[in-house]
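# Summary of structural features
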Amino acid sequence: MPILSAQNLLLRIGANAPLLDNVSFDIEAGDRICLVGRNGCGKSTLLKVLSGEAEAQSGDIVKKSGLKISRMIQEIPAHIEGTVRDVVMAGVMQDGTHDTHAEAILGKTGIDPEALYDSLSGGQKRRTLFAQALAQDPDLLLLDEPTNHLDIPAIQWLEGIVTRLNCALLFVSHDRTFVRRVATRIFDLDRGRVRSWDFPYDKFVQFRDQALAEEDKANALFDKRLAEEEVWIRKGIQARRTRNEGRVRALIKMREERAARRTRTGNVNMQITEADRSGRLVARLTDVSYSYDGAPLISGLSTEVSRGDRIGIVGPNGSGKTTLLRLILGELTPDTGDIRLGTNLQVAYFDQMRTRLREDKSLVENIADGQQYVMLNGVKRHVLSYLQDFLFSADRARGPISALSGGERNRLLLACLFSHPSNVLVLDEPTNDLDMETLDLLAELLADYKGTVLTVSHDRAFLDSVATSILAIEDGGNVFESVGGYSDYEAKKKVRDKEAANAARIAAEKETVASAPASAAAPAKKKKRSYNEEREYAALPEKIEKLEAEIAERQTELSKPEVFTNAARIVELQKEISDRETELEKAYERYEELDALG
């Protein structure tokens, strides 16, 4: 039985087409639903309607008795009075005593509970607001772009939390990797309607694209029939005398149906204005170190950036990613080491804080400084036509940027950036708030760009599609360079972490031996397996084989078409696979321990 049912919700703002056009859907207990759709299609508005912060003009929301809903907003408030504890505990005080569930959630944030909210980084503020929503112990949790401003470790922390929640989850996200790992269902908000897909994300994309292709085919046939009927109705006098009135009525109905059809939002049509080629060398860093307030951000980095490289820069929030960008560009002088820049560098810089945008100016003024035309790769374009490529209407283009959403601001900043000639593109967190279709186009554009790309991003799927190498800032300011995308770096890091753990264990064992009393008559004999350990050791290979078979069996079942329509079974299978993978890892570790005893 659904815990919430939306029935024929209608919401229209002004004279525009409805944001919600008779929207209906059900949410079941245990659902983890991702709400997808283009920027500006009404996703945040729908969450507000469900939480009671906004009202639809018609329709009903039927809730299970006593249903508790909490929502984490998309925009981070710049100021909230009080400490992290005050913010998280807001609304959950009961009889002057802190709720124990909220205290447990507070402990999972990894943030000092007594730190002032205003002193936190953007990522820490978002984690605090997530904890605030979760501390209310809701039956339905609504999350609006929860991964924005989070670094990759924090996103992985969030994945672990939400996949173990007992409540239902409805969230908006453009982070494909996060969606793939969390969502068991998809709600697609398109042209005012919500279509429910009981599939994980990749299967949804496959079926949605098929459905859209069929829709385009049906529309083309309809338009052809309509054109034929329009020719018929306009025939000569004799034809009009004998025409079929029923056919005329059918034509009028077809006209009305065509007029009511809502076309899908078009795709951004981006192109980068490229400058003359830079020299082969873009930047060479030799043993570069840089500290801030006595703490090392970059330690002993030597690397070379060549023309055509597409480098992804990753690391925890506050680790120095923007600092590394500025060092590579020669904007900062290192404490030690040498930086050599190449020749003929023309840099275009995408600032994550969007400081380049002038709030008091219109979109047109931000692009062209009062001029009517821009030059793009030698072609003169009217500024309004250029902005239409980025999905801004003429009216919107003449309006203030203060009215733009986060995704629209990022699109405008990309439009500003790409209108100036460059051979080095620097993108500092370009993916925040951009919808998946625009991210795909940006990735394709960067792949075809003949210049050099330096990008800071926490979007793992975006880095995998764009980067040819990764510079990862790790502990102590050490920078690890890895060929390939983020997944390649992550795989190498796991190997390095395991090797480091083994080396630390061996070193600890040697230290224990070395610190043994000198009076010992002889070195201690290597410990042998006991009788019970011998039996356990002998049984482990069979146990490991059985677990691997069970994992493979459930993964096979997960890929069957009939399972895609059963969200509950998908959740069950994913949990069974996760549990067995944990058990398998422990079995391998135990086998290695017993094997070492000999």
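Everything below is about the structure printed above this text.
About the criteria used
Residues numbered from 1 in each chain as written. Predicted model: local features only at pLDDT ≥ 70, side-chain atom pairs only at ≥ 80, totals over all residues. Heavy atoms only, no water. Pairing = 2+ DSSP bridges. Helix = DSSP H or I, 4+ residues; strand = E, 2+ residues; numbered from the N terminus. Axes fitted to C-alpha atoms, helices over the stretch in contact; angles between N-to-C directions. Contact = heavy atoms within 4.5 Å. Core = buried A, V, L, I, M, F, W, Y, C linked by side-chain atoms within 4.5 Å. Buried < 20%, exposed > 50% of the residue type's maximum accessible area, 1.4 Å probe, protein only.

What follows is about the sheet that holds strand β20 (residues 479–483). Taken in spatial order, the six strands make up an open sheet running β14-β17-β18-β12-β19-β20, and their pairing is mixed. Each end of this open sheet is capped by a strand with a single partner; those strands are β14 (347–350) and β20. In this sheet, neighbouring strand axes are inclined to one another by 15° on average, regardless of whether the strands run parallel or antiparallel. Where strand β19 (residues 469–473) and β20 come together, five bridges link them in antiparallel fashion. Counted as the bridge partner of I473 is V479 from β20. The sheet contacts of helix α17 (residues 486–514) involve β12 (310–314), β19 and β20, and relative to β20 the element is tilted by about 120°.

Turning our attention to unusual backbone geometry. In this structure, N344 takes a positive phi of about 55° despite not being glycine. Positionally, N344 belongs in the loop between β13 (336–341) and β14.

Judged by nonpolar contacts, the single largest core of 43 residues is most densely connected at F130, L141, L143, V162, F171, V179 and I186. The dominant element in this core, judged by the number of residues it contributes, is helix α4 (residues 122–135), at six residues. If we ignore the near neighbours within four places in the chain, the residues touching L141 are S70, F130, A133, L134, L165, C167, A168, L169 and L170. V374, L387, I401 and L446 belong to the second-largest nonpolar core, a separate cluster that totals 39 residues.

Our focus in this paragraph is the environment of V87. Note on placement: V87 falls in helix α2 (residues 84–89). Distance from V87 to L106, taken between C-alpha atoms, is 9.9 Å for residues 19 residues apart in sequence. With near-sequence residues (within four places) excluded, V87 lies in contact with I80, Y117, T128, L129 and Q132.

Below, the discussion takes up the sheet that holds strand β8 (residues 185–190). Strand order across the open sheet formed by six strands is β5-β6-β7-β3-β8-β9, with mixed pairing between neighbours. On the outer flanks of this sheet lie β5 (69–72) and β9 (193–197), each paired with one strand and no other. Taking each pair of neighbouring strands and ignoring which way they run, the sheet shows an average axis angle of 20°. Looking at chain direction, β8 and β9 are connected through five bridges and run antiparallel.

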